[in-house]
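# Notes for the structure review
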Amino acid sequence: MRPGWDIFCRVVDHFGDAGVCWRLARQLAQEFALDVRLWIDAPQTLQRLAPDALPGTRVHGVAVERWDDAAPPADAAQVVIGAFQCLPPAPYRESMRTRRSCWINLEHLSAEAWVEAHHGLPSPKPDGLVEHFFFPGFTESTGGLLRERQLLVERDRFQSDPQAPRRWLAAQRVQPAPDETLVSLFCYPDAPVAPLLDALAARPQRSRVLVPQGVADAALAAWANSPLAPGDAR
């Protein structure tokens, strides 16, 4: 059996799928010295978060591979993670069965009480494979949280530097005015953003809404193209 860990990721929504899988893969490689491959079907999304993470390269100890169902990997790893109910391709699962790989279904983070009872449960498959549910959470009876060893140190350093937020914004090409209110907007295409944006537009103080590239564009376009009421301005 090929040693190491394989993580399979399908990018479905925003950057969350790619971001969680990348953080997990990087932490396993860097902090636990494991041999990790990240199979991702939309590597261009990952590159928005990690520009050097090109298919066929090894970055931060992680081998990044394009996941193409037409040509799936045939050599199963010792531990296989299907992120967010993502199924490894059929030929790969056959290799998992013959090599008795450990199969983990990485679920979404939840604070609901039922997560404790479901974390770690097996899910036997007709072909003999057994998938195990891994639920991240906030209690000792769950899988816990992704947290790099230096994360809190880096956070405290950032928060203790009054100029750090401004430097970060400048790196994103955002130069807010001293009296400007900054709002970070994360939403889905059908989100009811109009009341929020109308309220911001009605304030005497100027507001700037920061929107990550993605599906929020449709919600903003719907608001911008909606009819104006008398006296409104956008």
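So, here is what we can say about the structure in this document. In this convention, every chain numbers its residues from 1, walking through the sequence in written order. With pLDDT at 70 or above as the cut-off, local features in this predicted model cover only qualifying residues; side-chain atom pairs require 80 or more to be listed or tallied, and sums for whole chains, interfaces and linings still use all residues. Heavy atoms throughout the structure, all of them, feed into the side-chain values; hydrogens and water do not.

### Section: helix α8 (residues 216-224)
- With a 1.4 Å probe rolled over the protein chains alone, any residue whose accessible area is under 20% of its type maximum counts as buried; one over 50% counts as exposed, and the rest are partly exposed. Runs of H or I in DSSP of at least four residues are treated as helices and runs of E of at least two as strands, each being numbered from the N terminus. Buried within α8 are the following residues: Ala216, Ala219 and Trp223. Down the axis of α8, the buried side of the element spans an arc of 60°, and every buried residue falls inside it.
- At its buried positions, α8 is contacted by α7 (194-202). This arc corresponds to the set of directions leading from the helix axis out to the C-beta atoms. It only takes one pair of heavy atoms within 4.5 Å for two residues to be counted as in contact.

### A look at the pairing of strand β8 (residues 130-134)
- Pairing geometry for strand β6 (residues 102-106) and β8, over four bridges, is parallel. Looking at the pairing, Leu106 lines up with Phe134 of β8.
- Here, strands pair whenever DSSP counts at least two bridges between them. Strand direction decides the pairing type here: strand β7 (residues 122-124) and β8, joined by three bridges, are antiparallel. Across the sheet, Pro124 pairs through a bridge with Val130, a residue of β8.

### A closer look at the packing of aromatic side chains
- Classification of ring pairs rests on two measures: the distance between centres of Phe, Tyr or Trp rings, Trp counted by its six-membered ring, which must be within 6.5 Å, and the angle between planes, read as stacked under 30 degrees, edge-to-face over 60 and tilted in between. Overall, the coordinates contain five aromatic pairs when judged by the stated rule.
- Taking the centre distance of 6.3 Å and the plane angle of 15° together, the rings of Phe8 and Trp39 count as stacked. One end of the pair, Phe8, is in strand β1 (residues 2-9); the other, Trp39, is in strand β2 (residues 36-40), with 31 residues separating them in the sequence.
- On the basis of relative accessibility, which here comes to 0%, the residue Phe8 falls in the buried class.
- Relative to Tyr92, the ring of Phe8 has its centre 4.9 Å away and its plane inclined at 70°; by these criteria the two rings are edge-to-face. Here the residue Phe8 occupies a position in strand β1, and Tyr92 occupies one in helix α3 (residues 90-99), the gap between them amounting to 84 residues. Accessibility classification places Phe8 together with Tyr92 in one group, the buried group.
- Members of the aromatic cluster, each reached through a chain of ring pairs, are Phe8, Trp39, Trp67 and Tyr92.
- Cation placement over rings: the criterion is NZ of Lys or CZ of Arg within 6 Å of the ring centroid and within 35° of the ring normal. The side chain of Arg10 reaches across the aromatic face of Trp67, ending 4.2 Å from its centre.
- Over the aromatic face of Phe32 sits the side chain of Arg149, whose NZ or CZ is 5.7 Å from the ring centroid.

### Structural notes on unusual backbone geometry
- Of note in the backbone geometry, Ala33 takes a positive phi value of approximately 55° without being a glycine.
- Tracing the sequence through the fold places Ala33 in the loop between α1 (16-32) and β2.
- Exposure remark for Ala33: the relative accessible area of 68% places this residue in the exposed category.
- The residue His60 is not glycine, and still its phi comes out positive at about 55°.
- Tracing the backbone through its elements, the reader meets His60 in the loop between β3 (58-59) and β4 (62-66).

### Re the pairing of β6
- Most of β6 is tucked away, with four of its five residues classed as buried.
- Pairing geometry for strand β5 (residues 77-83) and β6, over five bridges, is parallel. In the sheet register, Val79 faces β6, and the bridge partner there is Cys102.
- By convention, orient the strands away from the viewer: a clockwise path from the first strand over the helix to the second makes the crossover right-handed. In terms of handedness, the path from β5 via α3 over to β6 forms a crossover that is right-handed.

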